[in-house]
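In case you want the letters, here they are:
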Amino acid sequence: METQSSSKTNWFRKTDTPVVIAGPCSVETEEQLVETCKGIAATGKVDMLRGGIWKPRTSAGNFEGVGVAGLPWMKRVKEETGLPITVEAARAGHAEMCLAFGVDVIWIGARTSVNPFSVQEIAEALRGVDVPVLVKNPINPDLKLWLGAVDRFEKVGIKNVGVIHRGFSNTGEKVYRNRPQWQIALDFMKERPEVPMICDPSHICGRRDLLADVSQKAVDLSYDGLMIETHRDPDNAWTDAKQQITPEVLGKLITDLKLRLMSEGDVAAQDSLNFLRQDINEIDNDILNLLVSRMSVARKIGDYKKKNDITIYQAKRWEELTKAAKEKGAAEGLSEEFIDKFLRAIHDESINQQEQVMKG
Ligand code: PEP
Ligand code: MN
């Protein structure tokens, strides 16, 4: 990393340089973990090792982590590299087992931070134990829920809480696996400037080619650290293969980051325009995706009309549809003329699409 001069420090970031956490998405075997972590340590650029032992999977039957068997392996890499370790806990029992094996920092996953019952249960298990906790943003874009999860850990007496920005789930998103919505992380920083903010570009991007840009953006925004999934053989990783990188690629990524001189005022200025523009890009992208879905439904309707011999243009339906939209638009400050043009354009294209189906 090139030199920089931000003076922001906190319990997590003791120097000017952002803290780097790296390690595999999932701990698979002892050998995989040891080889990966030795490679990571050899870069000399990493401050903490991560490993997922209990994996929250979308579908049942997928690899769900090696479980408690992985904890002695994590302990081993901690001893052999001299680096502290962090593990995800999704249950009170997980947190207790982490403590028993000397896990230095516990992280709370996005599918857990979304659930106040789970968060509270884990917090209770940590009452009176001052282990640092990093709370990932909940999967849905809800700033209050994120702040609330942090609060639950603070209320049981955890002094060192930090947060990880890993992006937000969104079905229409095509570029990022989890849309960053940087503004939410910036709003978090405004509310709680003393809480360390770490970026997880791996889960935001879901693919390797975007990692460097997203990491740089986080550094430009004065984030306190980066958590980057790293694997000795990313293509054959048992989980999140597309987004993991080798220790060598990680070393280069960190070396190439530019640590800019940026005062809080600069961050605020960049925040206002760039982030609004990014929001516009994302919303336009959503509109396009919605239009694609709408046309696909129109084609299905075309198919139905063909089979049942119904005419394409149904005047009554069109009237009802435009009337309701104009009323709704007017209530939100959109002109009737705009709604009319907009719906007409969509309707024309729908009819074209249906005609193609009926001709076909
Ligand atoms: C992970 O870090 O491997 C993970 C499961 O992340 P998230 O909770 O952000 O999906
Ligand atoms: Mn992962």
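Each value, and the rule that gives it
- Residue indices begin from 1 for each chain and proceed along its sequence in written order.
- All chains are assigned letters beginning at A, and all ligands numbers beginning at 1, according to the order in which they are written.
- Note on the predicted model: pLDDT of at least 70 is required for a residue's local features to be given, and 80 or more for side-chain atom pairs to be given and counted; whole-chain, interface and lining totals, by contrast, use all residues.
- With hydrogens and water stripped out, all remaining heavy atoms of the structure feed into the side-chain values.
- Labels follow the DSSP assignment, with helices taken as runs of H or I lasting at least four residues and strands as runs of E lasting at least two, numbered in each case from the N terminus.
- A 1.4 Å probe rolled over the protein chains alone gives each residue an accessible area, and that area as a share of the maximum for its type sets the label: buried under 20%, exposed over 50%, partly exposed in between.
- Any pair of residues with heavy atoms lying within 4.5 Å of one another is described as a contacting pair.
- Each accessible area is a Shrake-Rupley result for a 1.4 Å probe, and residues are judged covered by the shown protein chains and nothing else.
- None of His or the chain ends enter the tally, which takes Lys and Arg as positive and Asp and Glu as negative.
- Lysine's charge is taken at NZ, arginine's at CZ, aspartate's at CG and glutamate's at CD.
- Each metal's donors are the N, O and S atoms within 2.8 Å of it, or within 3.2 Å when it is Na, K or Ca, and because water is not part of the set, sites may look incomplete.
- For this analysis, a ring pair means two rings from Phe, Tyr or Trp (six-membered ring only for Trp) whose centres lie within 6.5 Å, classed as stacked if their planes differ by under 30 degrees, edge-to-face if by over 60, and tilted for the remaining angles.
- Consider each residue's heavy atoms; a residue with any of them within 4 Å of a molecule or strand counts as near.
- Polar contact is the term for a pair of N or O atoms within 3.5 Å; when the atoms are in protein, one must be able to donate a hydrogen and the other to accept it, and sequence-neighboring residues count only if both atoms are side-chain atoms.
- As a working rule, the residues Ala, Val, Leu, Ile, Met, Phe, Trp, Tyr, Cys and Pro are called nonpolar, Asp, Glu, Lys and Arg charged, and the rest polar, with Gly in that last group.
- Expected helix span is taken as 1.5 Å per residue step, with the number of steps being one fewer than the number of residues.
- Throughout, nonpolar core names a set of buried Ala, Val, Leu, Ile, Met, Phe, Trp, Tyr and Cys residues whose side chains join them through atoms within 4.5 Å.
- Two strands form a pair only when DSSP identifies at least two bridges running between them.
- Note on handedness: a crossover is taken as right-handed if, strands pointing away from the viewer, the path from the first strand over the helix to the second is clockwise.
- An automatic or database domain assignment provides the domain bounds reported here.
- Buried surface area refers to the total accessible area, computed with a probe of radius 1.4 Å, that the two partners give up upon joining, counted for both partners together.
- A pair is scored as a salt bridge if a Lys or Arg side-chain nitrogen falls within 4 Å of a carboxyl oxygen belonging to Asp or Glu.

Student: What exactly am I supposed to notice about the overall build of the protein here?
Tutor: Secondary structure assignment for the protein yields 13 helices and 8 strands. Each principal axis of the C-alpha distribution contributes one length, and for the protein these read about 75 × 50 × 40 Å. Burial status across the protein gives 48% buried among its 360 residues. Counting only contacts in the protein whose residues sit at least 6 apart along the sequence, the fraction spanning at least 24 positions is 73%. Carbon together with sulfur atoms contributes 54% to the accessible area of the protein, which is approximately 17600 Å² in total. Between the averaged position of the 48 positive side-chain charges in the protein and that of its 53 negative side-chain charges there is a distance of 3 Å.

Student: Help me understand the coordination of the manganese ion (ligand 2) in this model?
Tutor: Octahedral six-donor coordination of a metal ideally yields angles of 90 or 180 degrees, compared with 109.5 degrees for tetrahedral four-donor coordination. Coordination of the manganese ion (ligand 2) by the protein is provided by Cys25 (SG), His203 (NE2), Glu229 (OE) and Asp240 (OD), with metal-donor distances spanning 2.1 to 2.4 Å. One chain supplies every donor to the manganese ion (ligand 2), and in sequence these donors are spaced C-x177-H-x25-E-x10-D. Residue Cys25 is found in the loop between strand 1 (19-23) and helix 1 (30-43), and its partner Glu229 is found in strand 8 (residues 225-229); the two are separated by 204 residues along the sequence. Residue Glu229 is classed as buried on the basis of its relative accessible area, which comes to 1%.

Student: What's the story with the packing of aromatic side chains in this structure? I'm lost.
Tutor: Each aromatic ring pair is characterised by the separation of its centres together with the angle its planes make. Overall, the coordinates contain 6 aromatic pairs when judged by the stated rule. Here the aromatic rings of Trp11 and Phe12 are separated by 5.4 Å at their centres, their planes lie at 70°, and the arrangement is edge-to-face. An identical accessibility class is assigned to Trp11 and Phe12; each is buried. Taking the centre distance of 5.7 Å and the plane angle of 20° together, the rings of Phe338 and Phe342 count as stacked. With Phe338 and Phe342 both in helix 13 (residues 336-359), this residue pair falls 4 residues apart, about one helical turn. These aromatic residues form a ring-pair network of at least three members: Trp146, Phe168 and Phe188.

Student: Mind showing me how you'd approach unusual backbone geometry here?
Tutor: Comment: phi is negative for the bulk of residues other than glycine, and the bulk of peptide bonds are trans. Backbone geometry places Gln181, a non-glycine residue, at a positive phi of 45°. With respect to the helices and strands, the residue Gln181 is situated in the loop between strand 6 (161-165) and helix 7 (182-191). In this model, Asp240 sits at a positive phi of 45°, which is unusual for a non-glycine residue. Tracing the chain through its elements places Asp240 in the loop between strand 8 and helix 10 (247-256).

Student: Would you explain the site of ligand 1 in this entry?
Tutor: Close to ligand 1 lie Cys25, Arg50, Lys55, Glu88, Trp107, Gly109, Ala110, Arg111, Lys136, Arg166, His203 and Glu229. With respect to ligand 1, the backbone of Ala110 contributes an N or O atom lying 2.9 Å from an oxygen atom. Residue Lys136 places a side-chain N or O atom 2.8 Å away from an oxygen atom belonging to ligand 1. Tallied by class, residues from the shell around ligand 1 come to 3 nonpolar, 2 polar and 7 charged.

Student: Explain helix 1 to me, please; I cannot follow it from the model alone.
Tutor: Helix length check: helix 1 (14 residues) gives 20 Å between terminal C-alpha atoms against 20 Å at 1.5 Å per residue, within 8%. Of all the residues in helix 1, the buried ones are Gln32, Leu33, Val34, Thr36, Cys37, Gly39 and Ile40. In this structure, the buried residues of helix 1 make contact with strand 1, strand 2 (48-51), helix 2 (70-81) and helix 10. Downstream of helix 1 by one or two residues, Gly44 has phi in the positive range, about 70°.

Student: In this structure, what is going on with the nonpolar core? I would like to understand it.
Tutor: For soluble globular proteins, the rule of thumb is that nonpolar side chains tend to be buried together. Membership of the largest hydrophobic core comes to 69 residues, with the highest contact counts inside it found for Ile106, Leu126, Val135, Phe153 and Tyr223. Not counting residues up to four positions away in its chain, the partners in contact with Tyr223 are Arg13, Pro18, His165, Trp182, Ala185, Met189, Met197, Ile198, Cys199 and Ala218. Ranked by size, the runner-up nonpolar core spans 11 residues in total, among them Val19, Ile21, Met48 and Val105.

Student: In this structure, what is going on with the pairing of strand 6? I would like to understand it.
Tutor: Within a regular strand, the side chains alternate between the two sheet faces. Judged by how many residues are buried, strand 6 sits mostly within the fold: 5 of 5 residues are covered. Bridging between strand 5 (residues 133-136) and strand 6 involves 4 bridges; their strand directions are parallel. Opposite Lys136, over in strand 6, you have Ile164 as the bridge partner. Viewed along the sheet, the connection from strand 5 through helix 6 (residues 143-155) into strand 6 turns out right-handed. Examined bridge by bridge, strand 6 and strand 7 (residues 197-199) share 3 bridges and lie parallel to one another. Of the residues in strand 7, the one forming a bridge with His165 is Cys199.

Student: Which parts of the structure should I look at to understand the environment of Ser350?
Tutor: Mapped onto the elements, Ser350 comes out in helix 13. Measuring from C-alpha to C-alpha, the distance between Ser350 and Ile312 comes to 9.8 Å, with 38 residues separating the pair along the chain.

Student: Got a minute to help me understand the domain arrangement of the protein in this structure?
Tutor: Where the parts come together, the accessible area they lose is often given as the size of the interface. Under the domain assignment used here, the protein contains domain 1 (5-261) and domain 2 (270-359). Computed over C-alpha atoms, the centres of domain 1 and domain 2 are 40 Å apart. Every contact between the two is made by 15 residues of domain 1 and, on the other side, 8 residues of domain 2. Across the domain 1/domain 2 interface, buried area totals approximately 990 Å², and carbon plus sulfur atoms make up 42% of it. When the buried area of domain 1 at its contact with domain 2 is split by residue, Arg179, Gln183 and Lys217 rank highest and sum to 39% of it. Taken together, domain 1 and domain 2 are joined by 1 salt bridge. Where Arg179 meets Asp286, a salt bridge forms, and the shortest distance between an N and an O atom there is 2.8 Å. Viewed at the interface, domain 2 and domain 1 are joined by 1 residue pair in polar contact (both at pLDDT 80 or more). Those elements giving two or more residues to the side of domain 1 that touches domain 2 turn out to be helix 7 and helix 9 (211-220). Residues belonging to the side of domain 1 that touches domain 2 are distributed by class as follows: 5 nonpolar, 4 polar and 6 charged.

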